[in-house]
Amino acid sequence: MTKFALTAAALAAGLILGTNAIACSTVVVGKNASATGNILVGHNEDNDSRIITSQYWVPAADHPAGEVIEYEPDAAKIPQVPHTYGYYWSQTLHPAGYSYSDGFVNENGVSLASNQSYDTYDKDEAVKDGGVGYAIRRIVAERAKNARDGVNIAIDLVKKYGYRAAGRVYTIADKDEAWQLNLIRGGRYLAKKIGDNEVLYIANAYTLGPVDVNAPDVIASPDLIEHAIKMGTYKPKKEGDYSDFNFREAYQTDARRDADWIKDRSQTGWKYLTGKEIQNPNDFPYSITPSKKLTVEDVKNILRSHYAHEKRDNGFFHQSINDICNPGTFESVVYEMVPNKNYTIGWRTSGMPSENPYIPFYPLAKPSAAQSFMTPDEATRQQFHAKASSFDYKPELPLYTFLTNQALSDYLDGHKKLAKMISAQEKDWDKGRKSVEQQAALAEKVGGTEKALNVLHAFNVNAYQQGANLVAKAKDALPKTNVLFLEESISQGNDKAAKVAILGSKTFDTSKIDAKSVRIQPAHPTEDVEIIPDPATAQSVAMKDVNGDGIPDAVITFSGKQAAKYCVPEVTQDVYVYAKANGKKIAGFDTIKVIK
């Protein structure tokens, strides 16, 4: 087995939450509320289990007559159009296949993100041919000419096939408009154009309250109000007068807004925006007109923020999904929707944004090749038919540098020093942006759009490498001790005892390890688990020189079945060992094959 540093990364692993994409956050800033004069969209994508995020450019394509789109195996099969636009795609690859997590920006400058919003009253409505889920976001990316067109495309799909999830809020934006699209299980919908002076924070509940469904900036199902009256969830104060219609109260339970993991994040977001700590979830606004215009940095700050009243009592800073930036945040991104679509700019993190740099990039100029490990066609095939080998630990991918470092620094307080390094690097990137765009504009005058995009692509590649190098440097500066699994595999079905060695050194006496403190578990729990409640523990500890360096190592015997319980089967996975020695926390990981 390959040895890896014994650090707090392992302990952090036990705190990654099985969130089922339930803890996402979105910030939208209208152009007149933005210090840049452009629409800003920020989004934290929060998920559970073993997630691999990769970024691709899918080129525009022409399609033969009769081509049919198939995504989820049990979802509707949809006829393809003759031509689809090119688009930037940030994939959330999940062992079971995820329908509602991928992010997109297409060649027309249309972006899309979404927030799960379950606990709706309409969750049992019927759909046709399995309904649509993933198709919403992918087809909008392929076909939308602008944000409003994207909303109409999504609505047409829902009207024809029905929406298969319980509820969700989509944010679709371009340089001119940003829209909030609320979808409900079945065929009902409510879309509203976000005002140019408005700022929104969205967690995982419907936020749109009182609404005039006949207003010019609103698109609603014809029977939206009538259906709510029939369900008994809305009763107008005056018969025939629907001016008091409140969408979020009519279509979602109060318990949803009151759930602590939604309420606490909403309170955090709105406190940043209003300066007030709102206690009653029903008092959270749909939007505000801010007293001062918001910057890109403001949006980053919100997405990096944490719940002020969280009990941080287990040695880690991040420990629950009550934070906006939480252990399930696998990606955070901010977009500025600029007038020239080719210069649309984003800032993206590969993991928790308070532990990682927001690396700038131009999505229409294509991501760095280092951000993916297969072709877009293969990634599409694997979206709902993922290969186990795709989830093997791959230390050569920069993604694992980001994820490993955040787990280490979160426990060892390395994130405090890292924050200073990140701030300095982000300022340097911001200073260089104007020069890069000037170079691109000059290239465009001389050689056309493709030359300009080549300049911006080179920036994308360089910035991503700089971000990875910065994080690698921070990781290398953290304390290091090594662990080594002495088995080739552990099994989820066989309770055979397994052994792992914590390697000693001239500066680390393994005899000081507290056997009762040892925990052995994967970095990511399975999809239905929040915090691993029952990791493998030490059955016995023996002192032995495992690597022949003349220094005693601690050989720990543990239940292989228990350690494998929350792993992904048939994957060579990073499994972690945590312990205390002389009262100090130590942790580390090695890779091992997990079998069923």
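How each quantity is defined
Residues numbered from 1 in each chain as written. Predicted model: local features only at pLDDT ≥ 70, side-chain atom pairs only at ≥ 80, totals over all residues. Heavy atoms only, no water. Buried < 20%, exposed > 50% of the residue type's maximum accessible area, 1.4 Å probe, protein only. Helix = DSSP H or I, 4+ residues; strand = E, 2+ residues; numbered from the N terminus. Pairing = 2+ DSSP bridges. Phe/Tyr/Trp six-rings, centres within 6.5 Å; stacked < 30°, edge-to-face > 60°.

Quick look at the pairing of strand β13 (residues 178-186)
Within β13, nine of the nine residues are buried, which leaves it mostly tucked inside the rest of the structure. Here strand β12 (residues 163-173) folds back onto β13, and the loop between the two strands holds four residues. As paired strands, β13 and strand β14 (residues 189-193) are joined by five bridges and run antiparallel to one another. Bridge pairing links Asn182 to Leu190 in β14. Count of turn residues in the β13/β14 antiparallel hairpin: two residues.

Overview of the packing of aromatic side chains
With the rule as written, the count across this model stands at 18 aromatic pairs. Between Tyr234 and Phe245 the ring centres are 5.2 Å apart and the planes differ by 80 degrees, which places this aromatic pair in the edge-to-face class. In this pair, Tyr234 sits in the loop between α4 (224-231) and α5 (247-251) while Phe245 sits in the loop between α4 and α5, placing the two residues eleven residues apart along the sequence. The class for Tyr234 is buried, based on a relative accessible area of 8%. Of the residues examined, Phe245 reaches a relative accessible area of 0% and is grouped as buried. Taking 4.9 Å as the distance between ring centres and 35 degrees as the angle between the ring planes, the aromatic pair formed by Tyr576 and Phe589 counts as tilted. Here the residue Tyr576 occupies a position in strand β27 (residues 571-581), and Phe589 occupies one in strand β28 (residues 584-595), the gap between them amounting to 13 residues. For the residue pair Tyr576 and Phe589, the accessibility class agrees, reading buried in each case. An aromatic cluster is present here, built from Tyr56, Tyr87, Trp89 and Phe104 joined pairwise through their rings.

Overview of unusual backbone geometry
Backbone phi values are negative for most residues with the exception of glycine, while trans is the configuration of most peptide bonds. One non-glycine residue, Ser49, lies in positive phi territory at about 65 degrees. Here Ser49 is to be found in the loop between β3 (39-46) and β4 (52-58). Here the phi dihedral of Asn582 falls at roughly 55 degrees; this positive angle occurs in a residue that is not glycine. Residue position: Asn582 is located in the loop between β27 and β28.

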